Amino acid sequence: MTELRVYLPIADLQPQFAAYLSSPTRARAYPPFKGQNSLIIEVAPALSIHRIADLALKEAPDMEPGILFTERQFGLLELHADRMEDLEAAGEAILKGIGAKATDQLAPTVLYHDIIENLSDQHAIILNRSRDGSILVPGVALLIYEMAPALFACVAANEAEKAAPGLTINDVQMMGATGRIFMSGTIEQMTVARDRITEVLSKIKGRKGQ
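Presented here is an overview of the structure given in this document. (Residues numbered from 1 in each chain as written. Predicted model: local features only at pLDDT ≥ 70, side-chain atom pairs only at ≥ 80, totals over all residues. Heavy atoms only, no water.)

### Details of the sheet that holds strand β8 (residues 179-185)
Step number 1: Ordered by their spatial adjacency, 4 strands build an open sheet running β5-β6-β8-β7, and the pairing between neighbours is antiparallel. What marks the edges here is a single partner per strand, and that holds for β5 (109-116) and β7 (168-173). Each neighbouring strand pair of the sheet contributes to a mean axis angle of 10°, computed without reference to strand direction.
Step number 2: In terms of strand pairing, strand β6 (residues 141-148) meets β8 through 7 bridges, oriented antiparallel. Bridge assignment links Leu-143 to a residue of β8, and that residue is Met-183.
Step number 3: Relative to the sheet, helix α5 (residues 152-163) contacts β6, β7 and β8, its axis offset from that of β8 by approximately 20°. (Pairing = 2+ DSSP bridges. Helix = DSSP H or I, 4+ residues; strand = E, 2+ residues; numbered from the N terminus. Axes fitted to C-alpha atoms, helices over the stretch in contact; angles between N-to-C directions. Contact = heavy atoms within 4.5 Å.)

### Quick word on the sheet that holds strand β3 (residues 64-70)
Step number 1: Judged by pairing direction, the sheet is antiparallel, and its 4 strands sit side by side in the order β1-β2-β4-β3 without closing on themselves. Single-partner strands in this sheet number two, and they are β1 (3-10) and β3. For this sheet, the mean angle separating the axes of adjacent strands, direction not counted, is 10°.
Step number 2: By the bridge criterion, 7 bridges tie strand β2 (residues 37-44) to strand β4 (residues 75-81) in an arrangement that is antiparallel. From the neighbouring strand, Ile-41 faces β4, where its bridge partner is Leu-77.
Step number 3: Sheet strands in contact with α5 are β1 and β2, and its direction is about 15° off that of β1.

### Some remarks on the packing of helix α2 (residues 49-59) against helix α3 (residues 84-98)
Step number 1: Two numbers describe how α2 lies on α3: the axes approach to 8 Å, and their chain directions differ by 140°. The angle between α2 and α3 falls in the class oblique. Crossing of α2 over α3 shows right-handed handedness. Here Ile-52, Leu-55, Ala-56 and Glu-59 of α2 come into contact with α3, specifically with Ala-89, Ala-90, Ala-93, Ile-94, Gly-97 and Ile-98.
Step number 2: A per-class count over the contact of α2 with α3 returns 8 nonpolar, 1 polar and 1 charged. (Parallel < 35°, antiparallel > 145°, perpendicular 65-115°, else oblique. Left-handed = near helix turned anticlockwise from the far one by under 90°. Nonpolar A, V, L, I, M, F, W, Y, C, P; charged D, E, K, R; others polar.)

Printed below as a string of structure tokens:
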């Protein structure tokens, strides 16, 4: 029995987030580009993601898989295409194939968020040692945001960039027990980004669970 944990369509990938998804540590196949659309699926058990990939790519073979990854418990697939209609067709084939609805996914849970003003140089140095995105510089405002399941960090980061295009994505941790976002800019940009993330997550339908 396949458990649908995340069913996440993302429209209009933004420049920084698309570049993040295209980085060598994330993109295992075809990198997405800005302006494309994405569908991200997470299921359990982990290896059932290969059935998901089979269903999707046979339904819409012109799509490109960007990430196919198995953790200890969960499997993750990211697909992208120029046309959202292709992703919708693939999504319908996936849901039919596993006997699920999109709303069977887990609802996102906000675990923590904060805006740190005037980031110190030592703090920036420590964070830069582990970030996958742009470099943090002292003096900026830093937004940190944590949610579960982890993959909801993807739509959160993309929508935040839409709402405040001048911000900088420093890190998006989309795999693991929780999702974490690190973004920087002005305090006004971080406030807009935080509020947009909270709004987006609150509107995603799903079941309560772990």
